[in-house]
Amino acid sequence: MKQEEKNRKSREHILNCAFSEFAEQGYRGASVNTVCAAGHISKGLLYHYYKDKDALYLACVERCFRELTGALKERLDVKTVTPDQYFSVRLEFFGEHPEHQALFCDTVVNPPKHLSEQLAACREPFDALNEAMLTALLEKETLADGLTVPDAIRQLRVFEDCVSSYLKNADPQARQTQQHNLLCRQTFQTMLYGLIARN
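These lines cover the structure that appears in this document, whether it is placed above or below. Numbering of residues starts from 1 in each chain and follows the order in which that chain's sequence is written. For a predicted model such as this one, the threshold for reporting local features is a pLDDT of at least 70, and the threshold for listing and counting side-chain atom pairs is 80 or more; totals across whole chains, interfaces and linings nevertheless cover every residue. To get the side-chain values, take all heavy atoms of the structure and skip hydrogens and water.

## Thoughts on the side chain of Thr187
Here is step 1 of the chain: Elements are defined by DSSP. Helices are runs of H or I of four residues or more, strands are runs of E of two residues or more, and each kind is numbered from the N terminus. Tracing the backbone through its elements, the reader meets Thr187 in helix H9 (residues 177–193).
Here is step 2 of the chain: Discounting chain neighbours no more than four positions away, the residues touching Thr187 are Phe159 and Val163. We call two residues in contact whenever any of their non-hydrogen atoms come within 4.5 Å of each other.

## Quick notes on the nonpolar core
Here is step 1 of the chain: Within this scheme, the nonpolar core is defined by two criteria: the residues are buried Ala, Val, Leu, Ile, Met, Phe, Trp, Tyr or Cys, and they are joined through side-chain atoms within 4.5 Å. Relative accessibility decides the category of a residue: with a 1.4 Å probe and only protein chains considered, values under 20% of the type maximum give buried, values over 50% give exposed, and everything between is partly exposed. Within the largest apolar cluster, 52 residues are counted, with the highest numbers of intra-cluster contacts made by Phe22, Leu46, Tyr57, Leu72, Tyr86, Leu103 and Phe104.
Here is step 2 of the chain: Sorting elements by how many residues they give to this core places helix H4 (residues 53–75) first, with 10 residues.
Here is step 3 of the chain: When neighbours within four sequence positions are excluded, Tyr57 is seen to be in contact with Phe22, Tyr27, Leu103, Asp106, Thr107, Pro112, Leu115 and Leu119.

## Brief notes about helix H6 (residues 98–109)
Here is step 1 of the chain: Multiplying 1.5 Å by the helix residue count minus one yields the expected span of that helix. Between its first and last C-alpha atoms H6 spans 16 Å; for 12 residues at 1.5 Å apiece the expected length is 16 Å, and the two agree.
Here is step 2 of the chain: Extensive coverage of H6 is indicated by the burial of 9 of its 12 residues.
Here is step 3 of the chain: What H6 keeps buried is the set His100, Gln101, Leu103, Phe104, Cys105, Asp106, Thr107, Val108 and Val109.

## A closer look at the packing of helix H5 (residues 83–96) against helix H7 (residues 116–138)
Here is step 1 of the chain: At a closest axis distance of 11 Å, the pairing of H5 and H7 adopts a crossing angle of 155 degrees. The pairing of H5 with H7 is recorded here as roughly antiparallel in orientation. Residues Pro83, Tyr86 and Arg90 of H5 lie in contact with H7, whose contacting residues are Phe126, Asn130, Met133 and Leu137.
Here is step 2 of the chain: In the scheme used here, Gly and all other residues not listed as nonpolar or charged are polar, with Ala, Val, Leu, Ile, Met, Phe, Trp, Tyr, Cys and Pro taken as nonpolar and Asp, Glu, Lys and Arg as charged. Tallied by class, residues from the contact of H5 with H7 come to 5 nonpolar, 1 polar and 1 charged. Interaxial angles span 0 to 180 degrees and are taken between N-to-C directions of axes, which are lines fitted to C-alpha atoms, for helices over the stretch in contact. For this classification, under 35 degrees means roughly parallel, over 145 means roughly antiparallel, 65 to 115 means roughly perpendicular, and everything else is oblique.

## Some thoughts on the pattern of salt bridges
Here is step 1 of the chain: Salt bridges, as used here, are contacts in which a Lys or Arg side-chain nitrogen is within 4 Å of a carboxyl oxygen on Asp or Glu. Using the criterion set out here, one finds 11 salt bridges in the structure.
Here is step 2 of the chain: For Asp84, the salt bridge goes to Arg185, with nearest N and O atoms at 3.5 Å. Within this pair, whereas Asp84 is found in helix H5, its partner Arg185 is found in helix H9, the two being separated by 101 residues in sequence.
Here is step 3 of the chain: Connected through shared salt-bridge partners, Glu5, Arg8 and Glu12 make up one network.

Here it is in structure tokens:
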């Protein structure tokens, strides 16, 4: 086996073990020692490929958002997508990849503050896709007086931040991944269409 292929397989094995650990324990509860023990990996090998716990975590988060974004792009038409289609496909992906769901929710709800800039970079393709979908959706609607599409997107992001803040301080049951997705779907619909049905 060529050294390049051996290096690739070593990195992939470490990343897979770390992905499971961060998905199960979150950033704060995860341990490099546990990753090494679970994967029969020496610390020297792990630190050869990943500088520290932060670098390992960011590699896992980048993979999580990249694969989620790829699935959304593959399964949805950005120009015609509806909110229900979007959340259904997202839940379908998470059903197929429960570790991605757990890591995604932990990253969104309880991100380590000292990595905020790096996490934003990991999320950038995902956020850009969401913005493209929201733009296509909102451009088909009649917005409130004086409200532009960029204004509406900014407000939706503020609303999303409020949901994440609520979940961070909520009881553990509310923070479970299924509850998180349900609340995201409901609050998005509320923000978009309002609480009161109009005739």
